Structure formats: structure tokens, C-alpha cells
Amino acid sequence: MDGITAWGYSSHAQRCHIKIIYKRPKNTEKMSHRPTPEIKLKRFLYLSSENSAFVSGNPEKHNYYKVEKLTCASDLLKDDFEKSKDFLTNLFVSAESERLLPRREALYFALACLITNENAKDNQRHFLYSLVLNMCRSNEDLFTFIKFLSKIRKPFSSGVTKIVSAYYLRQEPMDLVKCVLESNSYHGWTHKDLIKLIHCKTDNQAIEVIIKYILYGKKKADEAAGDDPTASKVISYIQEMKEYRSLNDAQKVSEFIPALNIKHVWQIPSSFIKSQVVWTALIPQLSLSELILSLPKLYRMGFLKPGPIQTKVIEILCNNEAVRASNLHPVEFYIGLKNFEKGGKPKDPHLIKYLESKEDVEAKILADPEYKKPNFAHQEPAKCTPVINALQKALSSSYGNLKPVNKRILVSIDASEKMAEPCLTTKNVTCLEAAVFVSYCLLKANKIVTVVVFDGTNVTPVPVEKNITLGHFYKKVKEAKHGPTIWSAPLEWATSERKPFDVFIHMGLRPNLIDLAKEHREIDKPKEAFSNYMQKMNLSYARFIVCSLSVHNAYFSDGATNILDVCGFDKNIPNVIDAFCRNLF
């Protein structure tokens, strides 16, 4: 593939065995087709891939977390490790603390690969284990690392037992008991599994009580408590949690929720998941993110009719200070709003197929000729105007959480009718809605953002007023004069108009030449146009992002360090774009 870049094929092209290639222009700078190990690792942390492409959805479904996918590990450990040590410390610490990192699990997978690499020496492993321990903020972090490590290598080394032991023993007794009782297992591993692994010993009597409880149960923990006051508090908390989990009265469960600081839906006993009284107590405890995800379920259970739950939900969503304090990106509110309006996420195709297989249609038609096969895929749109209005208000407040990237940005949008297709991953949002929303967020956060619509060999600039609303902006984009999506047109327009931009963002269905007429196909050379723009404008640091909102396999970048492919749309997409604009990878 050194001389060509495949642009992908439509299903029609595949049937007709048509192969369309795009020749790399000779004058294009080498665009770093052989990225350094450092660049590869940076990409992996932000994209879950060493390629310059981010695909929305679950990376494990795409088999991204495989040892062979992280090829840079050996090179980083072979080189001057003192130099690599500084790089790894700065990279992992900054990435871990940076809110733009889309998937925290990529950190722990990369560390597991580095630790288990055959080139890793003892002093290198010791350093890497210390990095893991410093980054583990929660049970989820620790168990994610253990999950990846156990898949790569067993049995565990002494380094693993040391960091697991340090993770438990560094906590205060009451924090530790809450941590242990929050959930029994993560990713198939339990606290008991880890405690058995490390043979934990401590002089702290309260922590010893917790360890006894994990290994042997409450009876042994009671015996170990003695007269220590902190140990007595630990025993009391264990007893309260035990009572909470065994309750059969909804009112009592609701009283325990604030007392025990229960703050996750999965901590509710399964027999009370449909209890209105329990939800009334739980909702004020939930994070905004978890509350938004729970709204379709609450609506289906009938809890969002006028009443105490609806009042609490609206009060939380309309609290501007709470929205700003959450630091959530507006995309979470937007996707939550779209999912709620349409009655929840679309049902999984495998579930629909299973439900249809269980429905004995032929027998029911024989019994009742007027019987109609149910549409299992159908979901009733939500008819709950007060909550929809509250979500819209929360969305408006969340724009204050955006941070500027301080770059000059040109966003080009495909406004054709084809953009009515649903996005990859987020099926309740159309490709045009996603493109407009991402553009709108950039407009709200940054001073210099120009938006144009593809119009064949030309572009149509979209005039934007200072306080334009999302709805009005969507209307302007949709009504703008548009034509075939020629991906090089915005770049050529910017070159001819001598307009300086640091970042180009193209948003469409897919960068696929088969969608174009033959005469357009021959002139559409976006990579050449981008290279030409950088040379003529003397902007060698410019960056180019290609968003293919409906497909998962558009690899336009071909390894270039200043071009990024983004496939699909989910809550991580704006952060990936933001991080790339900031040159974080």
C-alpha cells in the first residue's frame, strides 16, 4: 500500500468487483508514514489503535486490546530507558489526568503490555508497576488492569501482589470497607481473588477485620474486631450493608440509600429495581451522567408522570451549578436527549431476532386469523414535555463546560439527503444532526470557526450569528445550497481565498469515491489539496480530520501524523477531535 490509499467500497462496488484507488501525490510530504514508537503509544492511549483512526463504540468488539496491536512496546523498552522513563511518566500522568482521554482502559492495557513484554527488565517493570499504582483511582481501574494482565500472562509476578497490596493498605479503614462492599466483582475478578493472591498482612486492626470479612465472612470479622473503635465502625457498616441487601421492604431500602451513600443503579437490590419509592430516594444520589442514562427506563416504568420523581429530575437538570460542576461535555446531554425523545436506545438486533424466534406466529394466526405479528423493534417515543424541556435546558447550560482549543478551524459539512442515515453506534442521531452538533460545539467554544457546506467543486459558507441556537444553526446548514461531496473542495477554496486555518474538519457519511460521478472522481484529490494548502500558506503544522459518521472502516489517513480518521458518533468523538486539535497525539 506504499503507492496507493484504498478509499473503501460501497456494497454495490463490492458486488461488481470495482476497486477504486487514490494515488498519493509525489509532492506530498512524507506525512510520517513510519511514526515513532512514542507517537504510536500516544495514538493508542487516545484512539485504542496505533493507526490514526478512531472508531466509536466498544473497542473490544473490534479486537483492539490484543498484545499484537501494540507493536511499540518493545521499541520503547529497548531504547534509552531513562529517556523513555521521562516520556512514559509525562505521557501517562498527563493522559490519566486529562479529561479528553476517551477510554481509561487503554491506559491499563498499554501498561499491561509494557510490563509483560519480553524485553522489560526488572527495574523497568518496577517503574511501570509504580505508574499503575499511582493511576488507580478506583476498583474499576485496578480490576481493569488485572483483567488485561491476566489475559496476557499468568501466573502473576511479585510486582502485581505488591501493587494490589499497596492499593488496599493505603486506604483508610472506612474508605476501604466502602470500596470493598460497593461491588463484589469486576470483570470476573472478586476482592477475595485478589486478597488470596497477595497474602495481605497488616498491623492495622480495622483493616485486618476487613480482610477477614473478605476471606471468611462476618463471623471471623467480628472475632477480629476486639475493642478497637475503628474496627467497631467497620463492623457496623458491614452489618448495615448486609441488612440492606437482605431487605424485602421498599420503604426500608429507600431509607438505607442516603444513609449508606448508595449512588449507583447497580447497587439497588434486583427485586426493587422497579420500585418507585426506591427510585425516589436514589435519584438525588446519582451522578448526572447516570441519571441521564436512566431516564428512558424511568419513563417506561411510568415514573416520569407528574409526581415526586419528575419534580426531582427536573430540579437536578435545571440546576445550572450542578451541570457546570459535573464538567460533562454537552454531547452526553445531547445523546441523552435524543435517546429519551425516541424512547431509549434502539433494541439490539440479536434481542429482536430472539424475541421473533420465541413468537410462534403461525400457530397464533391459526388460532386467530386477525393476529398481527408484533414489531419488536418499535419503541414508543417519549411524551414527557417537562423532562424534555429540562434536558434541553441542561444542554444549554453544559456549553459553559467547553474549553477553547485556540485554533482557526474550518468545518465542512455534507448537507445532502443521504445524511439522514443514522450514525454508527448512536442510532438515534442522524449523520447530519451529529455533524451540526459537533460544529456547534466548536462554534460555542472557539473564536475563529468557519462553517461551509459541500457544493460540488465549490463550498457554501454558512453565516453564523453570535448567539445562534442549535435548532436555528441546523436549519441554516440544511437549507444551505449544497451539491456532490467533493472532499478536496474546501481545501482548494481555502487555498484560493488565502484563508489561514490550523485545522480542517470534514464531516460526511464516508470518504468514498464510489459515491461520486466519474467526472468528480477524477478531480477529487483531498490529500494533494491538503499538501498544496500547507505549502502555499506556509502552514506545515495544519491538521486534517475526516469524520465518516456512518461507517467503521474509512481509513483516509493512511498513517499520516497530521490526518485523523473518525468513524461513527458517540460521547467520545468531540473529545477525540479536541485532543487532536491540541496536538496531544
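Keep in mind the model is a prediction, meaning the values are calculated, not measured.

Engineer: Explain the pairing of strand 11 (residues 563-567) here, please?
Structural biologist: Consecutive residues of a regular strand have side chains that alternate between opposite faces of the sheet. When you tally the buried positions in strand 11, you get five out of five residues, the bulk of the element. Bridging between strand 3 (residues 53-55) and strand 11 involves three bridges; their strand directions are parallel. Across the sheet, residue Val55 finds its bridge partner in strand 11, namely Cys567. Two elements, strand 10 (residues 543-548) and strand 11, share five bridges in a ladder whose sense is parallel. Bridge pairing in strand 11 places Ser548 opposite Cys567.

Engineer: What's the story with the nonpolar core in this structure? I'm lost.
Structural biologist: Within soluble globular proteins, side chains that are nonpolar tend to cluster in buried spots. Core analysis: the largest hydrophobic core is formed by 167 residues, its most contacted members being Leu41, Phe92, Phe145 and Phe569. Excluding its chain neighbours within four sequence positions, the residues that come into contact with Phe92 are Leu41, Leu45, Leu107, Ala110, Leu111, Leu114, Leu131 and Met135. Grouped together as the second largest cluster of nonpolar side chains are 24 residues, Val459, Trp487, Leu539 and Phe544 included.

Engineer: Whenever I open this one, the pattern of salt bridges confuses me. Can you help?
Structural biologist: A side chain with one charge can pair with a side chain of the opposite charge if their charged atoms come near. Tallying each qualifying case throughout the model produces eight salt bridges. In this structure, Asp455 engages Lys481 in a salt bridge whose closest nitrogen and oxygen atoms are separated by 2.6 Å. Here Asp455, found in strand 7 (residues 449-455), pairs with Lys481, found in the loop between helix 24 (470-479) and helix 25 (489-496); they are 26 residues apart in sequence, far enough to count as distant. Relative accessible area serves as the criterion here: at 12%, Asp455 is assigned to the buried category. Overall, the relative accessible area of 57% leaves Lys481 in the exposed class. One salt bridge in this structure joins Glu465 and Lys476, with 2.5 Å as the shortest N-O distance. Here Glu465 is found in the loop between strand 8 (458-461) and helix 24, whereas its partner Lys476 is found in helix 24, with eleven residues between them in sequence.

Engineer: Quick question: what am I supposed to make of the environment of Ala112 here?
Structural biologist: Checked against the element boundaries, Ala112 lands in helix 5 (residues 105-116). With a relative accessible area of 0%, Ala112 lands in the buried category. Once the C-alpha coordinates of Ala112 and Leu149 are considered, the two residues, 37 residues apart in sequence, prove to be 5.3 Å apart. With near-sequence residues (within four places) excluded, Ala112 lies in contact with Phe145, Phe148, Leu149 and Ile152.

Engineer: Sorry if this is basic, but what is going on with the side chain of Asn139 here?
Structural biologist: In this fold, Asn139 is placed in helix 7 (residues 139-152). Asn139 gets classed as buried once you look at its relative accessible area, which sits at 4%. At 2.7 Å, the side chain of Asn139 forms a polar contact with the backbone oxygen of Cys179.

Thresholds applied
- Residues numbered from 1 in each chain as written.
- Predicted model: local features only at pLDDT ≥ 70, side-chain atom pairs only at ≥ 80, totals over all residues.
- Heavy atoms only, no water.
- Buried < 20%, exposed > 50% of the residue type's maximum accessible area, 1.4 Å probe, protein only.
- Helix = DSSP H or I, 4+ residues; strand = E, 2+ residues; numbered from the N terminus.
- Pairing = 2+ DSSP bridges.
- Core = buried A, V, L, I, M, F, W, Y, C linked by side-chain atoms within 4.5 Å.
- Contact = heavy atoms within 4.5 Å.
- Salt bridge = Lys/Arg side-chain N within 4 Å of Asp/Glu carboxyl O.
- Polar contact = N/O pair within 3.5 Å; in protein donor to acceptor, adjacent residues only side chain to side chain.

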